[in-house]
Amino acid sequence: MKLKTILTVVLFPLSFIGFSQSNCATLKGCERKLCELNVKLATAKKAGNQNQIKGVEEAIAQTKKNCTTKTVNKDLDKKVKEKQQKVNERTADLNEAIKEKESKEKIDKKRKKLNEAKADLNKALAEQKAK
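The structure reproduced in this document is the subject of the present report. (Residues numbered from 1 in each chain as written. Predicted model: local features only at pLDDT ≥ 70, side-chain atom pairs only at ≥ 80, totals over all residues. Heavy atoms only, no water.)

Attention now goes to the layout of surface pockets. Of the voids in this model, the largest pocket is the one considered here, and its volume is about 660 Å³. Along its surface, the largest pocket is lined by 26 residues, and K33, E36, D75, L76 and E127 are the ones closest to its centre. Looking at the lining of the largest pocket, the elements that each hand over two or more residues are α2 (29-47), α3 (50-66), α4 (69-99) and α5 (104-130). Taken together, the residues of the lining of the largest pocket break down into eight nonpolar, six polar and twelve charged. (1 Å grid on protein atoms, 1.4 Å probe; cavity = no way out; pocket = protein on both sides within 12 Å on 5 of 7 lines; lining within 4 Å. Points joined across faces, edges and corners; volume = space filled by probe spheres on them. Helix = DSSP H or I, 4+ residues; strand = E, 2+ residues; numbered from the N terminus. Nonpolar A, V, L, I, M, F, W, Y, C, P; charged D, E, K, R; others polar.)

In structure tokens:
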């Protein structure tokens, strides 16, 4: 119970810092990760979502306990790899649709999904570069 009280006292002011600094892009590594979690916590509190509050508070505690530059880099590398895989899948889907001469609507839909996947990849690459 004391730990929960201590975390509440510590996290409460941090949630306002995170909320007021909803753009955590200027931070790096574990500080950035904590900032982003605090923004999520503030949003969950504002919405009154108790399940999300509990989950984010646990994530904050785990991040404080386990976060290192190495783990942050590993997470970002994994995220980039997953996004690249999604782009590859979407590209293959689009190429297959073109090859099979599917309808223009289906091809456009697959092209849109590919563009969204590329945007996600670019965002992940930017996060990785900012680490």
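So that's the structure; there's more coming.
Here the focus is the packing of α2 against α4. The interhelical angle for the contact between α2 and α4, taken along N-to-C directions, is 65 degrees, at an axis separation of 8 Å. With respect to their mutual orientation, α2 and α4 come out roughly perpendicular. Contact residues: G29, C30 and K33 in α2; T69, V72 and D75 in α4. (Axes fitted to C-alpha atoms, helices over the stretch in contact; angles between N-to-C directions. Parallel < 35°, antiparallel > 145°, perpendicular 65-115°, else oblique. Contact = heavy atoms within 4.5 Å.)

We now examine the pattern of salt bridges. Counted by the stated rule, this structure contains six salt bridges. R32 is paired through a salt bridge with E36; the nearest N and O atoms lie 3.3 Å apart. In this pair, R32 and E36 are both assigned in helix α2, four residues apart and thus about one turn of the helix distant. Overall, R32 belongs to the buried group, its relative accessible area being 14%. By relative accessible area, which is 35% here, E36 ends up partly exposed. Shared partners join several salt bridges into a network, and the residues in it are K104, D108 and R111. (Salt bridge = Lys/Arg side-chain N within 4 Å of Asp/Glu carboxyl O. Buried < 20%, exposed > 50% of the residue type's maximum accessible area, 1.4 Å probe, protein only.)

Now for unusual backbone geometry. Of all residues except glycine, most have a negative phi; of all peptide bonds, most are trans. Although it is not a glycine, K101 sits at a positive phi angle of roughly 55 degrees. Mapping K101 onto the fold places it in the loop between α4 and α5.

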